[in-house]
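# A look at the structure
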Amino acid sequence: MPLRIVVLASGSGSNMVSLTKKCQAGLVDGSVVMVVTDKPGAPCIAKAQDLGVPVTLELPVEPGETRADYDARLRDAVASESPDVVVLAGFMRILTPTFVDDPGLAGHIVNIHPALLPSFKGAHGVRDSLAAGVKLAGCTTHLVTAELDGGPILLQAAVPVMPDDDQETLAARVLAAEHWLLPRTVHLQADPHAPSWQGRDDIPDGVLWSPGF
Ligand code: GRF
């Protein structure tokens, strides 16, 4: 059975688009059944609708609402679609145990982070990688726990940092790697023994990855 995937996103949604297209192309054994945003009007929603995602939902925080109360509403909305996997694709809220420790969701929530964890946790992974002077940057997929960007690492891809990089150029190179790494990660959730995509997918030039992926 293809995985039922719910995506949470707050912004442009390019990772959601990449994942949805790879599902639709049969490269990921899954289907994006719902996209939820906390930011009304975020481009990810229109893009999801254009791609034919069956359910889209804008779920802003209500005035005075606690984190736990918001996460309870989010959990109920997500659970209504009975997902096998919940993907945080640029979802810019820290989720509390109300969501991440829910018995139906724990262990099935995947985040994409724009740095090579466990370095550079937090909201500025690319900026902080650049500021530290690393020569390899990259992205990480991991299971989500209550510890910010601290759950078990699933996959990583590295990209070179060029001498003249600024935050924008490095972020674009990392994002291209994310667009490959996230769908690959989700596919491996469906089939942990899936053959490597090497040779039959568009891994961006210059991206370093473990060939076993
Ligand atoms: C990505 O770099 C992701 O790693 C980070 O936010 C960005 C979201 O980009 N958390 P998009 O919305 O998928 O285009």
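Predicted, not measured: the structure shown is a model, and the values here were computed from it. Positions within a chain are numbered from 1, following the residues in the order the chain's sequence is written. Reporting in this predicted model follows two pLDDT cut-offs: at least 70 for local features of residues, and 80 or more for side-chain atom pairs to be given and counted; totals over whole chains, interfaces and linings ignore these cut-offs and use all residues. Calculated side-chain values reflect all of the structure's heavy atoms, with hydrogen atoms and water omitted.

### Digging into the site of the ligand
Our working rule: When at least one non-hydrogen atom of a residue lies within 4 Å of a molecule or strand, that residue is treated as near it. Two N or O atoms count as a polar contact when they lie within 3.5 Å, although within protein this holds only if one can serve as hydrogen donor and the other as acceptor, and sequence-adjacent residues are included solely when both atoms are side-chain atoms. Numbering of helices and strands starts at the N terminus; helices are DSSP runs of H or I of at least 4 residues and strands are runs of E of at least 2. Note on residue classes: Ala, Val, Leu, Ile, Met, Phe, Trp, Tyr, Cys and Pro are nonpolar, Asp, Glu, Lys and Arg are charged, and everything else, Gly too, is polar.
The environment of the ligand is formed by Ser12, Gly13, Ser14, Asn15, Gly90, Ile112, Pro114, Leu175 and Glu178. In the model, an oxygen atom of the ligand is placed 2.8 Å from a nitrogen or oxygen of the Asn15 main chain. Going through the elements one at a time, helix 1 (14-24) and helix 6 (167-190) are the ones with two or more residues in the shell around the ligand. By residue class, the composition of the shell around the ligand is three nonpolar, five polar and one charged.

### A short note on the packing of aromatic side chains
Geometry of an aromatic ring pair is reported as the spacing of the ring centres plus the angle between the planes. We apply this condition: The pairing test for Phe, Tyr and Trp rings, Trp by its six-membered ring, is centres within 6.5 Å, and the orientation test on the planes gives stacked under 30 degrees, edge-to-face over 60, and tilted for anything in between. Each ring is checked for a lysine NZ or an arginine CZ that lies within 6 Å of its centre and within 35 degrees of its normal; such an atom marks a charge sitting over the ring.
Evaluation of the coordinates by the stated rule reveals zero aromatic pairs. Positioned above the aromatic ring of Tyr70, the side-chain terminus of Arg93 is 4.4 Å from the ring centre.

### Topic: the packing of helix 1 against helix 6
Keep this limit in mind: To define axes, lines are fitted to C-alpha atoms, for helices over the stretch in contact only, and angles between the resulting N-to-C directions are given on a 0 to 180 degree scale. An angle counts as roughly parallel when it lies under 35 degrees, as roughly antiparallel when it exceeds 145, as roughly perpendicular when it falls between 65 and 115, and as oblique in every other case. Note on convention: the crossing is left-handed when the near helix lies turned anticlockwise from the far helix by less than a right angle, right-handed when the turn is clockwise. The criterion used for residue contact is that any of the two residues' heavy atoms lie within 4.5 Å.
Running from amino to carboxyl end, helix 1 crosses helix 6 at an angle of 45°, the nearest separation of the two axes being 9 Å. Relative to helix 6, the element helix 1 lies oblique. The handedness of the crossing between helix 1 and helix 6 is right-handed. Each of Ser14, Asn15, Ser18, Leu19 and Lys22 in helix 1 lies in contact with helix 6, whose residues at this interface are Leu175, Glu178, His179, Leu182, Pro183 and Val186.

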